[in-house]
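Chains, contacts and geometry: an overview
Here is what each chain is made of, one letter per residue.
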Amino acid sequence: MMRIALIPLDDRPVCRSLPALVAAVAGATVETPPADLLPANRRPGDPDGLADWLAGRHADATVVALETLGLGGLIASRLRDDPVATVLARWSALAAGPSPVYAATVVQRTPDADDAGEEPDYWARYGRALHAYSAALHRAIGAPRLPDTAVPAAIRGDFLRRRQRNHVLNQTALGLAADGVLDTLVVGADDTAVAAVGTAEWQWLRTWTSWLELTGRVLAHPGADEIGAVLVARALAGAAGHSPRVAVACAEPDGLDRVARYEPVPIGAGLVSQAAAAGATLVDLADADAVLVVHPPQAGDADWATAPPEDTDPAPAARTAELVRRLLDRGTPVALADCALGNGADPRLVDDLAADGTLARLAGFAGWNTAGNTLGSALATLVAHQVGRATGTLDDTAVRRLLAHRLVDDHVWMSYARPRLRRELGTDPTRHDHVADADAPAVTARIEELLAGRCRELAAVPGLAVAAGSVTLPWHRTYEIDFSLEEPGEQP
């Protein structure tokens, strides 16, 4: 049984738990550091403790978020002032841990919100203005003067100095890949846009990747939180010496050419890099071992977290569902990536596929947060599935459990229960909220009630249910939840 040592971006379930669920599909295990070493929201992790933990692992590979090992986590990388030399000293621990090393780094985001929940404090007042300034700076590259802005000079300076430090670190990570310290490096573009300073930095890193002739070992695409799962899949494929042949299918002729919210490139471009990062080989349908079906971005500004719609267009969902059925009826393993709207799965598509049991026949499913998050985790699941088939280690119970977990998280919670709960609580969906400890029992009990009701309606993955009393709010907010699944009569 393959064992993988994982240092995740932070302790959120998609970063900490999803990689293990993906590995289990192929019969592998993932080991993560103790909770007190990992970052939790604005509390940074312990980089020195993480380095010691990694050095003591006996595993077959390492998957590491460089922000966590170097700065204490993704949010810490936006907040801390650690100098480059200090971070590089912490990264030297990679040489003492299990190899090969599959690493990820992230181009810092510039969110379009006056919300300092995950940013420096000045973001509460100047977040939208900084987002606009970031876009203007990108458009003004090469211009004789900087664009005008109402953001004070001291805040502009702090914003850009932090970015410049992180960009230097990302450049150094390219050097570690060129030197062979890293087997693979994924450079994620976190919550960006077509015009943004982060998009410019990401493009510069892609250019250096080409100049250093690292294409294939350094991959750059939109995404962040899913990269741990993607690199676990690549580690599985590498250990097995098997690169699954995957075709991509979309029911909309222009679907892969669409640009999703929070991303700078068409989803088809991101998908090509995501597939390579996960260890897959993209081929035509006639030559494929498995197929990734993409439900593409839909027009408009609807978003299941910030602007939930009353309904979605049934026609695209019906076309995607019919494509899924046609492929499954041919005996082809299919994973579905639902990129229709940000931050949740399309209820129309889920209803259609659940009605006749089609959803339970999928090899994988994802429909969460950004299109990059969705595409990467769906591809990772499909690669793990195909590696398991090729090596005889496929765990059908793990396949079913991961499918049910993503359905509950991506639809039952994100696009069904969360909008209802937030309306009941009077939460502003455009800002992160906070659930006080005293209120958490009532809130989580209401969440369980909503989840249970919707799961009964769908009956999509029979035999699995959210375990009573298992729902928690990892970051004391309603944006994400954690939960356990159980079989009837099973203890949570």
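A brief structural summary. Since this is a predicted model, take the numbers as computed values, not measurements.

Reading the values: the criteria
- Position numbers for residues count from 1 along each chain, tracking the sequence in the order it is written.
- In keeping with the model being predicted, local features are shown solely for residues with a pLDDT of at least 70 and side-chain atom pairs are shown and tallied solely at 80 or more, while totals for entire chains, interfaces and linings include all residues.
- The side-chain numbers reported here are obtained from all heavy atoms of the structure, hydrogens and water having been left aside.
- Only DSSP runs of H or I with at least four residues qualify as helices, and only runs of E with at least two residues qualify as strands; both kinds are numbered from the N terminus onward.
- Only C-alpha atoms enter the radius of gyration; for comparison, a globular chain is expected to reach 2.2 Å times N to the power 0.38, where N is the number of residues.
- Burial classes follow relative accessibility: with a 1.4 Å probe on protein chains only, a residue under 20% of its type's maximum area counts as buried, one over 50% as exposed, and anything between as partly exposed.
- Here, residues are in contact when the closest pair of their heavy atoms is within 4.5 Å.
- Areas reported here follow the Shrake-Rupley algorithm with a probe of radius 1.4 Å; residue values treat only the protein chains shown as occluding.
- A positive count includes Lys and Arg, and a negative count includes Asp and Glu. His and the chain ends are not counted in either.
- For this purpose, a charge sits on NZ of Lys, CZ of Arg, CG of Asp or CD of Glu.
- What makes a patch is a set of residues exposed beyond 30% relative accessible area and free of salt bridges, joined within 9 Å when like-charged and within 5 Å when nonpolar (Val, Leu, Ile, Met, Phe, Trp, Tyr).
- Throughout this description, the term salt bridge denotes a Lys or Arg side-chain nitrogen within 4 Å of a carboxyl oxygen of Asp or Glu.
- For two strands to count as paired, DSSP must find a minimum of two bridges between them.
- Every axis corresponds to a line fitted to the C-alpha atoms, with the helix fit spanning only the stretch in contact, and the corresponding angles, defined between N-to-C directions, vary from 0 to 180 degrees.
- One less than the residue count of a helix, multiplied by 1.5 Å, gives the span that helix is expected to have.
- Whether a crossing is left-handed or right-handed is set by the direction in which the near helix is turned from the far one by less than a right angle, anticlockwise for left-handed and clockwise for right-handed.
- Side-chain classes are defined by residue name, with Ala, Val, Leu, Ile, Met, Phe, Trp, Tyr, Cys and Pro counting as nonpolar, Asp, Glu, Lys and Arg as charged, and the others, Gly among them, as polar.
- When the strands point away from the viewer, a crossover counts as right-handed if the path from the first strand over the helix to the second runs clockwise.
- Put simply, buried Ala, Val, Leu, Ile, Met, Phe, Trp, Tyr and Cys residues joined by side-chain atoms within 4.5 Å make one nonpolar core.
- Throughout this description, a polar contact denotes any pair of N or O atoms lying within 3.5 Å of each other; where both atoms belong to protein, one of them has to be capable of donating a hydrogen while the other can accept it, and for residues adjacent in sequence the pair is counted only when both atoms sit in side chains.

With respect to the overall build of the chain
Along its length, the chain carries 16 helices and 13 strands. Scaling as 2.2 N^0.38, a compact globule of 492 residues should have a C-alpha radius of gyration of about 23 Å, and the chain matches this with 21 Å. Seen along its three principal axes, the alpha-carbon backbone of the chain occupies a region of about 60 × 50 × 45 Å. Here the chain holds 492 residues, and the buried ones make up 58% of them. Of the contacts made within the chain by residues no fewer than 6 positions apart, 78% connect residues no fewer than 24 positions apart. A total accessible area of about 18,600 Å² is found for the chain, and carbon and sulfur atoms account for 52% of it. Between the averaged position of the 44 positive side-chain charges in the chain and that of its 63 negative side-chain charges there is a distance of 3 Å.

Focus on a nonpolar patch on the surface
Together, Trp 208, Trp 211 and Leu 212 make up an exposed nonpolar region whose accessible area comes to about 340 Å². Trp 208 sits in the partly exposed class, given a relative accessible area of 37%.

Side note on the sheet that holds strand β3 (residues 61-65)
Within the open sheet, the six strands sit side by side as β2-β1-β3-β4-β5-β6. Their pairing is parallel. With one partner strand each, in any of the chains shown, β2 (29-31) and β6 (218-222) form the two edges of the open sheet. When strand polarity is set aside, the average angle formed by the axes of neighbouring strands in this sheet is 20°. Here strand β1 (residues 3-7) runs beside β2; their pairing, made up of three bridges, is parallel.

Here we look at the pattern of salt bridges
In this structure the tally under the stated criterion is 37 salt bridges. A salt bridge links Arg 128 to Asp 112; the nearest nitrogen and oxygen atoms lie 3.4 Å apart. Here Arg 128 is found in helix α7 (residues 123-139), whereas its partner Asp 112 is found in the loop between β4 (101-107) and α7, with 16 residues between them in sequence. Put simply, Glu 252 and Arg 319 hold a salt bridge, and the shortest N to O gap is 2.8 Å. On the criterion of sequence distance, the pair formed by Glu 252 in the loop between β7 (245-250) and α11 (267-278) and Arg 319 in helix α12 (residues 314-329) is long-range, its members being 67 residues apart. Take Glu 252: its relative accessible area is 9%, and that puts it in the buried class.

Structural notes on helix α8 (residues 153-178)
For α8, with 26 residues, the first-to-last C-alpha span of 37 Å sits near the 38 Å given by 1.5 Å per residue. Looking one or two residues beyond α8, the residue adopting positive phi is Gly 180, at roughly 90°.

A closer look at helix α14 (residues 371-391)
With 21 residues, α14 should reach 30 Å at 1.5 Å per residue; the first-to-last C-alpha distance of 30 Å fits that figure. Counting buried residues in α14 gives 18 out of 21 residues, a clear majority hidden from the surface. The first or second residue beyond α14 is Gly 392, which carries a positive phi of 80°.

Re the packing of α11 against α14
It is the contact of α11 with α14, at a shortest axis distance of 9 Å, that shows an interaxial angle of 35°. The way α11 lies across α14 gives a crossing that is right-handed. Residues Ile 267, Leu 271, Gln 274, Ala 275 and Ala 278 of α11 lie in contact with α14, whose contacting residues are Ala 371, Gly 372, Leu 375, Gly 376, Leu 379, Ala 380 and Val 383. Partitioned by chemical class, the residues of the contact of α11 with α14 number nine nonpolar, three polar and no charged.

Here's the deal with the side chain of Thr 320
Mapped onto the secondary structure, Thr 320 falls in helix α12. Relative accessible area serves as the criterion here: at 1%, Thr 320 is assigned to the buried category. When neighbours within four sequence positions are excluded, Thr 320 is seen to be in contact with Ala 251, Val 293, His 295, Pro 296, Leu 336 and Leu 349.

Overview of the sheet that holds strand β9 (residues 290-295)
The strand order β8-β7-β9-β10-β11 describes an open sheet built from five strands, whose pairing is parallel. Edge positions in the sheet fall to β8 (281-282) and β11 (364-366), since each of these pairs with one other strand and no more.

Overview of the pairing of β7
In this structure, β7 lies alongside β8, joined through two bridges in parallel fashion. By the bridge assignment for β8, Arg 245 is matched with Thr 281. In terms of handedness, the path from β7 via α11 over to β8 forms a crossover that is right-handed. As judged from the five bridges shared by β7 and β9, these two strands associate in the parallel manner. Among the inter-strand pairings, Val 246 is bridged to a residue of β9, identified as Ala 290.

What to know about the nonpolar core
Of all hydrophobic cores here, the largest spans 106 residues; its most connected members are Leu 236, Leu 292, Val 293, Leu 359, Leu 362, Ile 447 and Leu 451. Examining the composition of this core, we find that 13 residues originate from one element, helix α15 (residues 396-425), more than from any other. If sequence neighbours within four positions are ignored, Leu 292 has contacts with Val 246, Ala 247, Val 248, Ala 249, Leu 271, Ala 335, Ala 337, Leu 375, Ala 378, Leu 379 and Leu 382. Among the nonpolar cores identified, the runner-up in size contains 34 residues, and Leu 38, Leu 54, Val 187 and Trp 202 belong to it.

Description of the side chain of Arg 78
One can find Arg 78 in helix α5 (residues 74-79). A polar atom in the side chain of Arg 78 sits 3.2 Å from the backbone oxygen of Glu 118. Separated by 3.0 Å, the side chains of Arg 78 and Asp 190 make a polar contact. Among residues more than four places away in sequence, those in contact with Arg 78 are Gln 108, Arg 109, Glu 118, Glu 119, Pro 120, Arg 162 and Asp 190.

Everything listed here is a matter of coordinates, which is why it stays silent on function.
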